[in-house]
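Examination of the molecular architecture
Residue strings, one per chain:
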Amino acid sequence: MRVSTAFSRLLRLKGVWVKAVRFDPDRVLVEVALRRRRLVCPECAFSTPHRHNVREAQSVWRHLDLGVWRLEIRATLRRLSCPTHGVRTEGVPFARAGSGFTRDFEALVAWLASKTDKSTICRLVRINWRTVGRIIERVSKDELDPDRLEELFDIGIDEVSWRKQHRYLTLICDHQRRRVVWGIEGAGEKAADEFFGELGSERSAELRAISMDMGPGYAKSARKHAPQATICIDSYHVVALATKALDEVRRDYWNQLRSLGDQQAARRFKDARWALLKNPANLTAKQAVTYRKLKRAGGEVWRAYTLKEALRAIFAPGLDLEDVTVLIDRFISRATRSHLEPFLRLAQTITKHREGILAAIRLGITQGRTEALNNKVRLITRRAYGFHTANAALALVLLTCGPITLTLPHELHLHP
Ligand SMILES: [Zn+2]
């Protein structure tokens, strides 16, 4: 068998034949030529038998490694004039427009990005994290289910920070299918308006419930574009507010102790932060000791803690609407009588959003479901911190939590 024939079989590149193979000290170079005569626009389906001019372009793509060898595909391409996209270098079937990597290589990177961390990927495939970002942007644009905005009935809208300095992504999740279906850079009313704009009035009119936080932005947009939908408050936002209130009580108490000169007690309450903020079931042994000490000492920090835990328990699975209604009202009156300023404010906020909190329970938008997806998204966006664009961060979220099936190269080529 000739070397070029062997490489044709080996590489399985669509629509080309191998002209020559060369071994350089650090890589294998494979020169290929397109089988088709017609020129195809890299961006659309337009094709033509006519070249734009005689100029040719030398293009290079990185392909899957061959053993320890880095593998490069080279081709001489012609230029065409597309009525929509202007004068362009012709497209190739084995790589996406504008990419320096083959589709197989990009499929591998996208699959890895959805499974593992930055340093593993960069070391394994020998590209930097920003390049990973650009690859997954292309893959997610290409591979996301085009019907993902169809048949949406219960959705959630929430923001997540993808970088330090308050850079946000607004994400839309489909509660029924438990996946993220849409996202955009930014937060608040404007981001939500963009979503409803893309969804269109017909599909917006089909929405039954929209869950969100207690801020004014998303609610305003939802009332404007989908007035028939019930606004629900995601219970993890309610619990998060209680955790914040508890932290305020702890901090006030700590400052009091410090100003009274009780340094030892002050230190104890500073250390107590995590023991108080974590769920009791997740405490480490050391935190559990601190926790028991706090319990014995009683006082306002402990009172605040029991209030927070009582609120968290309301949203545990298994309670029906009637139970939750009674417990929410009981919590409001306990918090109002607590003489703890942050909990007084919390009681007022909950009273204001009582309807929406109960609507979430009534319509089955429960803590467990939304919180699991939310936690997954938060974990992913932390990994996206090194990306330079919001779109790359968004692509990582959609690859991992969205309607997309990632296929590895050998799975794609299973049936030649
Ligand atoms: Zn075109």
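See the structure above.
Bear in mind the structure is a predicted one, so any value in this text is a computation, not a measurement.

1. Things to note about the sheet that holds strand 1 (residues 16-23)
- On the basis of which strands lie adjacent, the open sheet formed by four strands has the order 1-2-6-5 and mixed pairing. On the outer flanks of this sheet lie strand 1 and strand 5 (57-66), each paired with one strand and no other. The sheet shows a mean angle of 25° between the axes of neighbouring strands, taken without regard to direction.
- Pairing of strand 1 with strand 2 (residues 27-34) involves seven bridges; the strand directions are antiparallel. Residue pairing in the sheet places Val16 in a bridge with Leu34 of strand 2.
- On the sheet, helix 1 (residues 3-11) packs against strand 1, strand 2 and strand 5 and is oriented at approximately 110° with respect to strand 1.

2. Some points on the pairing of strand 13 (residues 230-233)
- Inspection of the sheet shows strand 12 (residues 209-212) paired to strand 13 by four bridges, in the parallel sense. Bridged to Ala209 within strand 13 is Thr230.

3. Regarding the sheet that holds strand 9 (residues 154-163)
- Taken in spatial order, the five strands make up an open sheet running 11-10-9-12-13, and their pairing is mixed. One side of each edge strand has no neighbouring strand; the edge strands of this open sheet are strand 11 (179-185) and strand 13. Recorded for the sheet is a direction-independent mean angle of 30° between the axes of neighbouring strands.
- Here strand 9 pairs with strand 10 (residues 167-174) via eight bridges, running antiparallel. Within strand 10, the position partnered with Asp158 by the bridge is Leu171.
- The strands touched by helix 6 (residues 216-225) within the sheet are strand 9, strand 12 and strand 13, with strand 12 carrying the most contacts at an inclination of about 165°.
- Lying over the sheet, helix 13 (residues 354-362) contacts strand 12 and strand 13, oriented at roughly 95° with respect to strand 13.

Cut-off values and rules
- Residues numbered from 1 in each chain as written.
- Predicted model: local features only at pLDDT ≥ 70, side-chain atom pairs only at ≥ 80, totals over all residues.
- Pairing = 2+ DSSP bridges.
- Helix = DSSP H or I, 4+ residues; strand = E, 2+ residues; numbered from the N terminus.
- Axes fitted to C-alpha atoms, helices over the stretch in contact; angles between N-to-C directions.
- Contact = placed C-beta atoms within 7 Å.

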